[in-house]
Each structure stands twice: as C-alpha cells, then as structure tokens.
Amino acid sequence: MNDWRQLYPFKSYEIMIRHLRMHYLDEGEGEVLLLLHGNPTWSFYWRNIISGLRDKYRLIVPDHIGCGFSEKPSRREYPFTLRRRVEDILELVEKLDLRNITLLAHDWGGAIGMGAAVFRPERFSRFILCNTAAFRFPGCPGRIALCRIPVFGDVAVKGFNVFARAAIKMAVMKKERMDSVTRAGLLAPYDSWNHRLAVHEFVRDIPFRPGQRSYDTLVEIEHGLKKLNSRPVCLIWGNDWCFTPKFMERFQEYFPVAEPHFFPDAGHYIVEDKYEQMIPIIDDFMQRFPLSV
C-alpha cells in the first residue's frame, strides 16, 4: 500500500462557515463525538480513532479553516485567530445541530473546543483532552519560537514546511508508526507556500503575553473552565516535549475529578503512538458516564 488515501477511506462533507468552505467527516451513528485536530495535523490524524469507534458513535471530524481539505484563505480573507476558530466550530455545531457533544481534542483543538464549550456549555456533555491546553502557560519551546521569528518563520514554515516536517520526526516515539504512507498523509494538504499559511498562523497565534492577538480570548476561555468542572473529563497524555505532563496536571487543577491516563512511551502525536489503547479508554469513559438527558 503506497497511497495514503487508503488509510483515509471516509466520505467527505462540506459546509459553508460564513463565506468559507469547511471540510469535515461524519462517520457512524449515535452519541456525538466531536474530534478537533491541532497544528500541523488535520482530520487524517484521527483516522484510527474514527475506524475504531464509528460502529458505536457518530464522529464529526472537521478540518479547521486553512487546514486539511478545508478552504485555504489568505490573511485578507480570514483572521486566523483563536476567537474566530472557536466561532467556526460553534457555527458548525449549530448548523449540524449537534447536542450532548463529547469533545475529543488534541493540541490547538483543546483551546478551540473548550472555548466552544465555554461559550455554549449547553451543547457539551463530556471532554476527552490529549496533549493540549486551554489556559495561559509560561514560555515557548525554542523550536517553536524559531518559527515565530519574522521573515525567517515565513520562509521556514511556508517555504520549506519545516514545522510539519519536523513534527513527523519529533512528535512520535514509535518511529515505525511514521512510515512513508503515514507521513505522506499528514503532509498531503500542506503542499505549497499558500497552503501552509494556516500552519504558520497557528504558530504566530500562540498567546504568551497581554497585547498579543489571542491573549484576551485565551484568558476568557481559561476563566470560563469553571463553568464546566461538573462535567466528566478524561485526560490522555503522552510524554510530550511541547504539552508536557505539567499541562495535564494543570487541567487536573481545573477538573479535580478528571481521569488521567499517562503514557510515558508516547509523544505529542499520541494518537499515532497509542490509538489501540485510546479506543477502549474512550469507549469505557463514554459508557461509564452516560448522558443525563
């Protein structure tokens, strides 16, 4: 097998979010799982989770605007901010009329998805968070900081695709999982300077201090987490160099009854390393915390 599309045998759907086309997957029936990817991944990242759970649940798996098979607008057409991405997901939720959502989020998907839940808590019932954050955090890993340097970052990320290419080497511990076909699938949508804009904008949008464009939105989401602390929460974490285990501990401060699952032999792309273990954990969590309505 040398075609990554064989790893992604799902029917594509599209929906207009404001004036832009969002691509998403809609697999299975039953209780809704909303799967939100981070940067520089796309819905392909969730392929094994989708295949493992679609016989029991309905999985909605969007590509954020500028990512995957969604439309790739310019900076003039789209602001690439955390608030706008939260609004995108809320519009998707409203248009598909998704209710009693269980959020499954990784990386940027955590801030975006928890933001959506903070702003529309009546739509969300459970949370499964993997190597992510939805609060302020100090410092920036050096390899990410390099990609934020003006001009250099543009050329490195958009010209040479270094952010996505570095991730396929540094984000997994089971190197055999990152074979040539998987690498091709993860990189497929990011095949040109313009198609890598969202990857770079996600890097640029990380808010570390007041005055940065998404700082106030992140603070609002962080403060709103207390609205959700009665909901069931499952934390599935790898030994991540970016979202370190300290991020999991921080989530446990917001959600003291959260169920932690730590895998020291998994990296940032925990789904690539541990999807076989994650599928039963997710299913068990869903079964033990049935919907109240």
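For the structure given in this document, a descriptive report is provided here.

The rules behind these values
Residue numbering note: each chain is counted from 1, following its sequence as written. Where totals are concerned, whole chains, interfaces and linings use all residues; where local detail is concerned, this predicted model gives features only for residues with pLDDT of at least 70, and gives and counts side-chain atom pairs only at 80 or more. Think of the side-chain values as coming from all heavy atoms in the structure, minus any hydrogens and water. Elements are defined by DSSP. Helices are runs of H or I of four residues or more, strands are runs of E of two residues or more, and each kind is numbered from the N terminus. The globule rule used here is 2.2 Å times the number of residues to the 0.38 power, and the radius of gyration it is set against is calculated over C-alpha atoms. Buried means the residue's accessible area, taken with a 1.4 Å probe over protein chains only, is under 20% of the maximum for its type, while exposed means over 50%, and partly exposed covers the values in between. Contacts are residue-level and defined by heavy atoms, with any inter-residue pair within 4.5 Å sufficient. Just to be clear on terms, a salt bridge is a Lys or Arg side-chain nitrogen sitting within 4 Å of an Asp or Glu carboxyl oxygen.

### Considerations on the overall build of the protein chain
- Check the secondary structure of the protein chain and you find 11 helices and 8 strands.
- Relative to the compact-globule value of 19 Å for 293 residues, the protein chain shows a C-alpha radius of gyration of 18 Å, a close match.
- Summarising its shape, the C-alpha atoms of the protein chain cover approximately 50 × 50 × 40 Å along the three principal directions.
- Taken across its 293 residues, the protein chain has 58% of its residues classed as buried.
- Of all intrachain contacts in the protein chain linking residues separated by at least 6 positions in sequence, the fraction that spans at least 24 positions is 77%.

### Considering unusual backbone geometry
- Backbone torsion omega between asparagine 39 and proline 40 reads 10 degrees, so that peptide bond is classified as cis.
- Checked against the element boundaries, proline 40 lands in the loop between strand 3 (32-36) and helix 1 (47-53).
- Notably, phenylalanine 80 is not glycine yet its phi reads approximately 55 degrees, a positive angle.
- Looking at the element boundaries, phenylalanine 80 is found in the loop between strand 4 (58-62) and helix 2 (82-96).

### A closer look at the pattern of salt bridges
- In total, this model carries 26 salt bridges according to the counting rule given.
- Here lysine 95 ties to glutamate 91 by a salt bridge, and the two come within 3.0 Å at their closest N and O atoms. Placement of the pair is lysine 95 and glutamate 91 together in helix 2, with a separation of 4 residues, close to one helical turn.
- Judged by its relative accessible area of 46%, lysine 95 falls in the partly exposed class.
- A salt bridge links arginine 99 to aspartate 97; the nearest nitrogen and oxygen atoms lie 3.1 Å apart.
- Overall, arginine 99 belongs to the exposed group, its relative accessible area being 52%.
- It is possible to trace a salt-bridge network through shared partners that takes in Arg75, Asp154, Lys158, Glu201, Arg204, Asp205 and Arg213.

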